[in-house]
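Listed below, chain by chain, are the residues.
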Amino acid sequence: MYPTYDVIVVGAGHAGCEAAHAAAQMGSKVLLATMNMHTIAQMSCNPAMGGVAKGQIVREIDALGGMSGIITDKTMIQFRMLNRSKGAAMWSPRCQSDRMRFAEEWRLALERNPNVDMWQEMVTGILVEDGSCVGIKTTLGIEFRAKAVVLTNGTFLNGLIHIGEKRFGGGRTGEKAATGITEQLVSLGFEAGRMKTGTPPRVDGRTINYAVMEEQKGDEPAGKFSYSNETQPLTHQRSCHITYTNDDVHDILRTGFDRSPMFNGTIQGLGPRYCPSIEDKINRFAERNRHQIFVEPEGWDTVEVYVNGFSTSLPEDVQYKALRKIVGFENAKMFRPGYAIEYDYFPPTQLKMTLETKLVENLFFAGQINGTTGYEEAACQGLMAGINAHNKAKEKDEFVLQRDEAYIGVLIDDLVNKGTEEPYRMFTSRAEYRILLRQDNADLRLTEKGYQVGLATEKRYARMKDKKAKVEQLIKFLSEKSLTPSEVNPKLQELGSAELIQKVKALTVLRRPELGLAEIAQIDEEMANFLANFGEEEKEEAQILVKYETYIEKEQTLVNKLKTLETYRIKEDFDFQQIKALSAEARQKLTKIRPTTIGQASRISGVSPADVSILMVYLDKQLGQSEDEPVGCGV
């Protein structure tokens, strides 16, 4: 009655949608199982995509052939490029999204794919035969079989919602929790833990006084996320607003601390360090008399407003009283209170770099089940799990991104090798090669890889090659075009930059921080005419490559040196315990995580540089080095 699938994806959040789309787009027959087809791709928390480092991830997903960038562009209501005042490595695109339209566009995209089937029902367990996952089972006792299964359960695994002293099961407000999967996985030998996250109240925008707040407009002109020409930048945008808490707000909130599940010990799981609740901020930063609140519209037409910065699990009456003491919220009406939610996760050190579990073959984890927080972090894991689930089902090679190739590679490498005991959030500071991993060049880094694995289209690949060729053409012109002091000095005087004393190449002038291509175009007519042949994307890319050339070269040199560690490969069954010269902690961590290369071993928390040296010497001495076979075999 029920067909056998190549890939089954459990959960239809951001991770599940990307996993299902990727596997189906590559040719797998996919079943997407969800408890509620009306909440596919629900933005459970803030109505926004991108941000610091997160925006880079969305662009990487898009470059590989994923859908998050396109869906975001189609449904955004405001766009901003963050950190423009800093170096290009820190620039991060962010947008406000229309919550309802975002979910609708994702569902329509999946429905248009003939390789995607959907099933609405709770999944209560997986089917395991001979140590391999072969399908899922549902509440009704139905069994669906597949060659690979991806679990993307979000906050639903034994989810428990807290509002003050009130507790009830749920994966999101108004939706029941998922049960059975955690218990089965633990019985199979998996280690599980608990985490928490939270969300603020939702407010009726008709009852807010925006006139007393600071308006925050979008960029003009607006940018976008996707490198494709399938989407266009916004021509008009909705504004956000900024206000602040005050001493009165804080005093009211403190009256509820004794009933706060965070302070009275009811909540055991750790919450996100970098997105604390309002009560946590007041407690941790007692010296501050105000905290910033971002007032974010939830869509083009709705009056619902997201109160960013006011995440809380305090009793609803305390939330309401405190909220109305915020400037601009004096007459505010709540649609619903904020809440905290506890849920099960599985420490990601139990995964391979492909996101396949080590204990059960053909079983993949992606998203919050791995201890991450954020739509973008979930989506990129779903994409990678979907690609690798398809490859496993079709008996193809695994697909792994390295730390120097993508923020996605940094995220997965961090999770697998270091694990996390609190919700993991991506930051630019986590990437040691962030000058290479800029948001502007994600397509140049990754589109060819996406094309090679069968996800990015040929049209996408051709567009990337055209951009690359144009950037090279522009830089070549700059390196050959000469500018005289008489041409350049007036502009340099205007900008307060040192004047030229001899003729120089345009490339040299462009390296000055005060000048960009726009200023050079004003100096020379030939340059202005030539630049008119290029789009803003190509000009920005060329300008960044010129200005940061030295830094980029230094970082690439470092990457090349460290890549030698990745050539030392290790067999899966290698016995680390017999190398007594290793520290006890190193032997324990190496045995648990089972790295496949010395490079991966070097990034495991608790494995020192001395341990890495010992391991390299041992492998060289005992087994030699081979290009074709991993070392460590036969030990």
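Here is a short report on the structure shown in this document. (Residues numbered from 1 in each chain as written. Predicted model: local features only at pLDDT ≥ 70, side-chain atom pairs only at ≥ 80, totals over all residues. Heavy atoms only, no water.)

### Some details on the environment of Gln 319
Here comes step 1: Topologically, Gln 319 is positioned in helix 8 (residues 316–323).
Here comes step 2: When the C-alpha positions of Gln 319 and Asn 289 are compared, they lie 18 Å apart, and in sequence the two are 30 residues distant.
Here comes step 3: Excluding residues within four positions of it along the chain, Gln 319 makes contact with Ile 163, Pro 201, Phe 310, Thr 312, Ser 313, Leu 314, Met 334, Pro 337 and Gly 338. (Helix = DSSP H or I, 4+ residues; strand = E, 2+ residues; numbered from the N terminus. Contact = heavy atoms within 4.5 Å.)

### Quick word on unusual backbone geometry
Glycine aside, residues mostly have negative phi angles, and peptide bonds mostly take the trans form.
Here comes step 1: Cis geometry is adopted by the peptide bond preceding Pro 221, which originates at Glu 220 and carries an omega value of -5°.
Here comes step 2: Looking at the element boundaries, Pro 221 is found in the loop between strand 14 (214–216) and strand 15 (240–244).
Here comes step 3: Positive phi outside glycine occurs at Ala 53, with the angle close to 70°.
Here comes step 4: When you line up the elements, Ala 53 lands in the loop between strand 3 (48–50) and helix 2 (54–64).
Here comes step 5: A residue is classified by how much of its surface remains accessible, and Ala 53, at 0% relative accessible area, is buried.
Here comes step 6: In this model, Arg 594 sits at a positive phi of 55°, which is unusual for a non-glycine residue.
Here comes step 7: Here Arg 594 shows up in the loop between helix 19 (584–593) and helix 20 (598–602).
Here comes step 8: For Arg 594, a relative accessible area of 26% puts it in the partly exposed group. (Buried < 20%, exposed > 50% of the residue type's maximum accessible area, 1.4 Å probe, protein only.)

### Remarks on the pairing of strand 11 (residues 166–169)
Every other side chain in a regular strand lies on the same face of the sheet, so the side chains alternate between the two faces.
Here comes step 1: The pairing of strand 10 (residues 160–163) with strand 11 spans four bridges and is antiparallel. Across the sheet, the residue bridging to His 162 is Arg 167, located in strand 11.
Here comes step 2: Taking the residues that link successive antiparallel strands as the turn, the strand 10-strand 11 hairpin has two residues, and the phi of Gly 164 there is positive, at about 60°. (Pairing = 2+ DSSP bridges.)

### Examining the packing of aromatic side chains
Here comes step 1: Overall, the coordinates contain 13 aromatic pairs when judged by the stated rule.
Here comes step 2: Ring geometry for Tyr 2 versus Trp 119: centroids 5.8 Å apart, planes at 80°, classification edge-to-face. With a gap of 117 residues between them, Tyr 2 in the segment before strand 1 (5–10) and Trp 119 in strand 6 (residues 116–120) connect regions that are remote in the sequence.
Here comes step 3: Ring geometry for Tyr 451 versus Tyr 461: centroids 4.4 Å apart, planes at 15°, classification stacked. With Tyr 451 in helix 11 (residues 442–452) and Tyr 461 in helix 12 (residues 458–480), this residue pair connects regions lying ten residues apart in the sequence.
Here comes step 4: Across from the ring centre of Tyr 227, 4.0 Å away, lies the NZ or CZ of Arg 59, which sits over that ring.
Here comes step 5: Directly above the aromatic system of Phe 285 lies the positively charged group of Arg 288, at a separation of 4.7 Å from the ring centroid. (Phe/Tyr/Trp six-rings, centres within 6.5 Å; stacked < 30°, edge-to-face > 60°. Lys NZ or Arg CZ within 6 Å of the ring centre and 35° of its normal.)

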